[in-house]
Amino acid sequence: MSDSSLTISSSPGGPNPTQSRGQAASAPASPAAEPQGKLPVGGVEGAYLVMHAAGRWSDVFRLSAPAEVILGRASANQISIRSEKASRQHARVWSTPNGWAVEDLGSRNGTLVSGQRLSEPKLLRDGDRIEIAGFAIQFVRQIQSADGPVRSPQPIGGEDHLTIAMDSAAITERRAQSGYFKSDVAPQPAKTDSPEQITSSASLGDDRVRATLLQLAFDLARVDSISHAIEAVLDCLTDAIRFRNAGAYVVDAKSKSPNDSIESKHFTLVATRQTEGAHGSVTYRRPPDTAINAVIGHEGQAILARHVGGDRALAAENSQGEIDAVSMILAPVIDRDKKLLGMLHLLTTDSDAVFDGEDLGFVLAVAEILAQSLRNLSVRGKLDRSLRRSQLQIKALRDQVGDKVQIVGRSDAVREIIKKVSLVAPTGATVLVRGESGVGKELVASAIHHASSRSNGPLVCMNCAALSPSLLESELFGHEKGAFTGATDRKQGKFEAADGGTLMLDEIGEMDLEIQAKFLRVLEGHPFERVGGQQPIRVDVRVVAATNRDLQSMVAEGKFRQDLFYRLHVVEILVPPLRERGNDVVLLAQHFLAGFNEKMGRRISSITPPAQAMLLDYPWPGNIRELRNVIERAVVLNDTDSIDVQHLLLTPAAVGGVAKEQAASDSPVELSLAELERFHIERVLRHTDGNKSRAASILGIERSTLDRKLKKFAKEA
């Protein structure tokens, strides 16, 4: 029939083998005569019945004398054959003084031994094949001599292969995957205690099993630690399977590799579970290393071992030094990357609660779900640790760049700037920051960004005067691959990079009129396209513009769009030059000194009063940028504990410029037009920090003309 199967239900061993489950149900008839033939003395000391199905082993039954094994359709038999062709008690195998014997118990269809129908008891010879109801059962003295594939664990640590095979001979089923996760598995009827069906300790139908596994998956998705996951798994196993005790292990994080030889330090016992039975609770015992080797050494397959009584290779002794185990399941917990994460171990000591193949499939399914949970917990732990490290790094970076968003000063002008920043930052208004070069316009923009609701978004800064009109458009809006010569890849523009944050555009007055029109449309909320692109792009960006030029005068001259000026001039913040901020010069100098001390490991504690007076008297044409450079140079070239006058090297060009300017006003006859031109060009270049494009624009000449004049000055020098 289609549901024909063969199952081993209990161990034939024990101190009183005549009281086996099969014999208790119905004692078989006594043999008509002693079996003929003799086996060598000692042949009864060890033998195996190897069941075959579809050309492969389906089960292994270890024979240990004295013992009697009943084969037949009744579920109470030690070997139960689910087939209509089998009688309830079809045949028996038992030990005699001369060896192992087999006889037919008056079955309807008879019993064959090596192709011959049995008419009387017969002594079994090594390799004999017993055929019952279409099932082939081979009798062998040594397990490795059985026909068909023998899949023994790989040797561990150089141990003998034969020894390993013998140690695992009582492993009656080995499985790599659970059938409960296969969609093509036909549903099986729910198991009951009917003698016509196989009794399983799971006592669950396939639908209930899958519902139980689904609930376990939901439970594990909510846990936040390995210990909680293990407890949920043990709860599930307790509800579904009859066992005496169980243990759950995880691989020690210090293990070099799951393929290393098994040592105690490689596995950590996380939790155990015991159930009450006829003899009270049983203390959990770790499985022997040979049993663990059998699981780890063969591609991580789970094993079901029955008839383990007395077998120290598979079961451990109790506190009385006895091996009271009846059956055992050991399932590795392996993730989808074939990485060993742990193992589950279940043990029974009751002959009425022997594990079967369905129990093995269920435990293996639980192990697979646990593996995914442990993997997720590991990934979540790594992400949490990475997040904590990132948060610490962000905090450290914010501490390091704190001076870049901190406005230092006590003058009325600084107080007014801080007040405006606090008012405008929470809003989404566009801000125009005006002031000379080097006064800290980018600092004001940073303060606005970090005090706004966009502080977690990007702050992108760009100088409009540093690029030609075509490159400026590409930098602002991006370009597609092949949009122009050299555009080898698609490029994201500054607007896209600043999406969700703030875009600070310095020297907005240098923007070309054509780009101003496109820029205005974006400010008004319209989408834009990359250069050479057709896909409209929308962004959420707050714009802070900065300039050192008079935009109103540029509007009157037709060099700046009036509508763009009004769109930018929602809120204007004027940053005064350093020479107009009084004692703020000293406060800023001390602030820079503290920063450079920390950065360079110096211990310069103060600035002397003469040096402070020198700082206050200097006009600072380069503003705060120049002051910062002066203090940095004074710290680098100082081997004392204070900054004095000799440490302050003020810019000679600026001092010379002031002298020339004074000479030009007092003695105009002594200064030629060429010298006045050269002096003015150098002054403008200092003002623009050497930016020739901006300097040419201020001077009203072409960039190429400025380059020619500078080359001429260099030759005359």
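Residues numbered from 1 in each chain as written. Predicted model: local features only at pLDDT ≥ 70, side-chain atom pairs only at ≥ 80, totals over all residues. Heavy atoms only, no water.

Chemist: Hey, could you run me through the overall build of the chain in this one?
Modeler: Looking only at helices and strands, the chain features 20 helices and 25 strands. Relative to its full complement of 717 residues, the chain shows a buried share of 45%. Excluding contacts between residues fewer than 6 apart, the proportion of contacts in the chain whose partners are at least 24 apart in sequence is 66%. Of the roughly 35800 Å² of accessible surface on the chain, a fraction of 49% belongs to carbon and sulfur atoms. (Helix = DSSP H or I, 4+ residues; strand = E, 2+ residues; numbered from the N terminus. Buried < 20%, exposed > 50% of the residue type's maximum accessible area, 1.4 Å probe, protein only. Contact = heavy atoms within 4.5 Å. Areas by Shrake-Rupley, 256 points an atom, 1.4 Å probe, with all protein chains shown as cover.)

Chemist: Which parts of the structure should I look at to understand the side chain of histidine 647?
Modeler: Along the chain, the position of histidine 647 falls in the loop between strand E25 (642-643) and helix H17 (652-666). Each residue touching histidine 647, except ones within four places of it in the same chain, is listed here: Ala634, Leu637, Asn638, Thr640 and Ser642.

Chemist: Is there a simple way to think about the pairing of strand E18 (residues 340-348) in this case?
Modeler: Residues in a regular strand project their side chains so that they alternate between the two faces of the sheet. Burial runs high along E18: nine of the nine residues are buried. The sheet contact formed by strand E14 (residues 245-251) and E18 spans six bridges and is antiparallel. Considered in E18, the bridge of valine 250 is made with glycine 342. Bridging between strand E17 (residues 327-334) and E18 involves eight bridges; their strand directions are antiparallel. Its bridge partner lying in E18, valine 333 is registered against glycine 342. Linking E17 to E18, which pair antiparallel, is a turn of five residues; within it lysine 338 sits at a positive phi near 65 degrees. (Pairing = 2+ DSSP bridges.)

Chemist: How should I be thinking about the packing of aromatic side chains in this particular structure?
Modeler: Any pair of aromatic rings gets described here by the distance separating the centres and the angle formed by the planes. This structure, assessed with the given rule, holds seven aromatic pairs. Both rings, one in tyrosine 618 and one in tryptophan 620, keep their centres 4.6 Å apart while their planes meet at 80 degrees; by these two values the pair is edge-to-face. Accessibility expressed as a relative area gives 0% for tryptophan 620, which makes it buried. Through pairs of rings, three or more aromatic residues link up here, namely Phe477, Phe495, Phe519 and Phe528. In this arrangement the basic side chain of lysine 518 is found over the ring face of phenylalanine 477, its NZ or CZ atom lying 4.5 Å from the centre. (Phe/Tyr/Trp six-rings, centres within 6.5 Å; stacked < 30°, edge-to-face > 60°. Lys NZ or Arg CZ within 6 Å of the ring centre and 35° of its normal.)

Chemist: Help me understand unusual backbone geometry in this model?
Modeler: One non-glycine residue with positive phi stands out, namely alanine 133, at about 50 degrees. On the secondary structure map, alanine 133 appears in the loop between strand E11 (129-132) and strand E12 (135-140). You can call alanine 133 buried: its relative accessible area is 17%. Phi angles above zero are rare outside glycine, and lysine 338 is one such case at about 65 degrees. Take lysine 338: it is sitting in the loop between E17 and E18.

Chemist: So what exactly am I meant to see when it comes to the side chain of glutamate 475 here?
Modeler: Within the secondary structure layout, glutamate 475 lies in helix H9 (residues 469-477). Among the residues examined, glutamate 475 registers a relative accessible area of 18% and is labelled buried. Engagement of the side chain of glutamate 475 in a polar contact is seen with the side chain of lysine 491, the distance being 2.3 Å. Ignoring anything within four residues of it in the chain, the contact list for glutamate 475 reads Met462, Leu467, Lys491, Gly493 and Lys494. (Polar contact = N/O pair within 3.5 Å; in protein donor to acceptor, adjacent residues only side chain to side chain.)

Chemist: Can you help me understand the sheet that holds strand E23 (residues 571-574) in this one?
Modeler: Sheets are built from strands that pair by backbone hydrogen bonding, the pairs being arranged parallel or antiparallel. Taken together, five strands build an open sheet; the order of strands is E20-E21-E22-E19-E23 and the sheet is parallel. Of all the strands in the sheet, the pair left with one neighbour each is strand E20 (459-463) and E23. Recorded for the sheet is a direction-independent mean angle of 20 degrees between the axes of neighbouring strands. Helix-sheet contacts for helix H7 (residues 412-424) involve strand E19 (431-434), strand E22 (542-547) and E23, and the interaxial angle to E23 is about 155 degrees. (Axes fitted to C-alpha atoms, helices over the stretch in contact; angles between N-to-C directions.)

Chemist: Looking at this structure, how should I read the environment of glycine 509?
Modeler: Tracing the backbone through its elements, the reader meets glycine 509 in the loop between strand E21 (502-506) and helix H11 (513-523). Taking the relative accessible area as the measure of exposure, glycine 509 reaches 5% and is therefore buried. Linking glycine 509 and alanine 545, residues 36 residues apart in sequence, is a C-alpha distance of 9.3 Å. Those residues in contact with glycine 509 that sit more than four places away from it in its chain are Thr547, Arg549, Leu551, Met554 and Phe560.

Chemist: Just checking my understanding: could you explain the nonpolar core for this structure?
Modeler: Where a protein is soluble and globular, its nonpolar side chains tend to be buried together. Membership of the largest hydrophobic core comes to 41 residues, with the highest contact counts inside it found for Leu237, Leu344, Leu346, Phe362 and Val366. When contributions to this core are tallied by element, the ones reaching two or more residues are helix H3 (206-222), helix H4 (226-240), E14, strand E16 (302-306), E17, E18 and helix H6 (357-400). By residue number, the principal contributor to this core is H6, which donates twelve residues. In this view, leucine 237 contacts Phe243, Leu344, Leu346, Phe362, Val363 and Val366; residues no more than four positions away in its chain are not counted. Counting residues in hydrophobic clusters, the runner-up holds 30 residues, among them Met462, Leu472, Phe528 and Ala545. (Core = buried A, V, L, I, M, F, W, Y, C linked by side-chain atoms within 4.5 Å.)

Chemist: How do you make sense of the packing of H9 against H11 when you look at a structure like this?
Modeler: Across the interface, H9 lies against H11 with an axial gap of 11 Å and an inter-helix angle of 15 degrees. One way to sum up the angle between H9 and H11 is to call them roughly parallel. Once H9 is placed against H11, the crossing between them reads as left-handed. Note on element contacts: H11 touches H9 through Ile515, Lys518, Phe519 and Val522, opposite Pro469, Leu472, Glu473, Leu476 and Phe477. Taken together, the residues that form the contact of H9 with H11 break down as seven nonpolar, no polar and two charged. (Parallel < 35°, antiparallel > 145°, perpendicular 65-115°, else oblique. Left-handed = near helix turned anticlockwise from the far one by under 90°. Nonpolar A, V, L, I, M, F, W, Y, C, P; charged D, E, K, R; others polar.)

Chemist: Can you help me understand the pairing of E22 in this one?
Modeler: Along E22, six of the six residues are buried, which leaves the element largely enclosed by surrounding structure. Residues Arg542, Val544 and Ala546 point to one face of E22 and Val543, Ala545 and Thr547 to the other, with burial holding for every one of them. Strand direction decides the pairing type here: E21 and E22, joined by four bridges, are parallel. Paired with leucine 505 across the bridge in E22 is alanine 545. The handedness of the E21 to E22 crossover, carried by H11, is right-handed. (Right-handed = clockwise from strand over helix to strand, strands pointing away.)

Chemist: Explain the pattern of salt bridges to me, please; I cannot follow it from the model alone.
Modeler: Side chains that carry opposite charge are capable of pairing whenever their charged atoms lie near each other. Tallied over the full model, the rule gives 25 salt bridges. With a shortest N-O distance of 4.0 Å, glutamate 475 and lysine 494 are connected by a salt bridge. Taken together, the positions of glutamate 475 in helix H9 and lysine 494 in helix H10 (residues 494-497) put the pair 19 residues apart, joining distant regions of the chain. Taking relative accessible area as the criterion, lysine 494 reaches 24% and is therefore assigned partly exposed. For glutamate 557, the salt bridge is made with lysine 559, and the minimal N-O distance between the two is 3.7 Å. Taking the relative accessible area as the measure of exposure, glutamate 557 reaches 53% and is therefore exposed. Assessed through its relative accessible area of 44%, lysine 559 is described here as partly exposed. A single salt-bridge network, built from bridges that share partners, covers Glu480, Arg490, Glu496 and Arg530. (Salt bridge = Lys/Arg side-chain N within 4 Å of Asp/Glu carboxyl O.)

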